[in-house]
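Structural overview
The chain contents come next:
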Amino acid sequence: MRGENVEECQDRARLGLGDGAIMLLLLVVVGFSMMKINTLNSEITILTDDQLPKMESANQTIGNANIVAPVMRNVVLETGKDFQEAELKRLQDSHQPIVANVEKLRWHDKKWTLS
């Protein structure tokens, strides 16, 4: 009977050490996961607060710049003064957002920044 108690204690000690080792590994995994989540959070913040507004501004500029070619073609091909004036007004209207977006985007310290 006495030998079984010693053997049970050794088994319990082994199980306790094994459980402790697994808990330690679990804490290490949780620590690495938290670090990766913080890194991902900072990257998402950079993407949404910095890069996305720049991309939207650039896309608006491209869209307004793409108006120039058809408008100029229409002005050259069409002989009606009213139509030409309307197209030139459309050209001026598309020019304003381009200037505003370019002024908003500034090259500063080797990178584009929004002012």
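How each quantity is defined
Residues numbered from 1 in each chain as written. Predicted model: local features only at pLDDT ≥ 70, side-chain atom pairs only at ≥ 80, totals over all residues. Heavy atoms only, no water. Patch = residues over 30% accessible without salt bridge, like charges linked within 9 Å, V, L, I, M, F, W, Y side chains within 5 Å. Areas by Shrake-Rupley, 256 points an atom, 1.4 Å probe, with all protein chains shown as cover. Salt bridge = Lys/Arg side-chain N within 4 Å of Asp/Glu carboxyl O. Helix = DSSP H or I, 4+ residues; strand = E, 2+ residues; numbered from the N terminus. Buried < 20%, exposed > 50% of the residue type's maximum accessible area, 1.4 Å probe, protein only. Contact = heavy atoms within 4.5 Å.

1. What about a nonpolar patch on the surface?
A cluster of nonpolar residues, Met 23, Leu 26, Val 30, Met 34 and Ile 37, forms a patch on the protein surface that exposes about 490 Å² of accessible area. Within the fold, Val 30 resides in helix H1 (residues 2–65).

2. With respect to the pattern of salt bridges
The tally for this structure, following the rule as stated, stands at four salt bridges. Measuring nitrogen to oxygen at the nearest pair gives 3.6 Å for the salt bridge that ties Asp 11 to Arg 14. In this pair, Asp 11 and Arg 14 are both assigned in helix H1, three residues apart and thus about one turn of the helix distant. Residue classification places Arg 14 among the exposed positions, given a relative accessible area of 58%. As a salt-bridge pair, Lys 54 and Asp 50 come within 3.1 Å of each other at their nearest N and O atoms. One end of the pair is Lys 54 and the other is Asp 50, both in helix H1 and four residues apart, which spans about a single turn. In this structure Lys 54 comes out as buried when scored by relative accessible area, which is 16%. When its relative accessible area of 32% is taken as the criterion, Asp 50 is described as partly exposed.

3. Describing the side chain of Ser 57
Mapped onto the elements of the fold, Ser 57 is located in helix H1. Of the residues examined, Ser 57 reaches a relative accessible area of 1% and is grouped as buried. Excluding residues that lie within four positions of it along the chain, Ser 57 makes contacts with Asn 101, Lys 104 and Leu 105.

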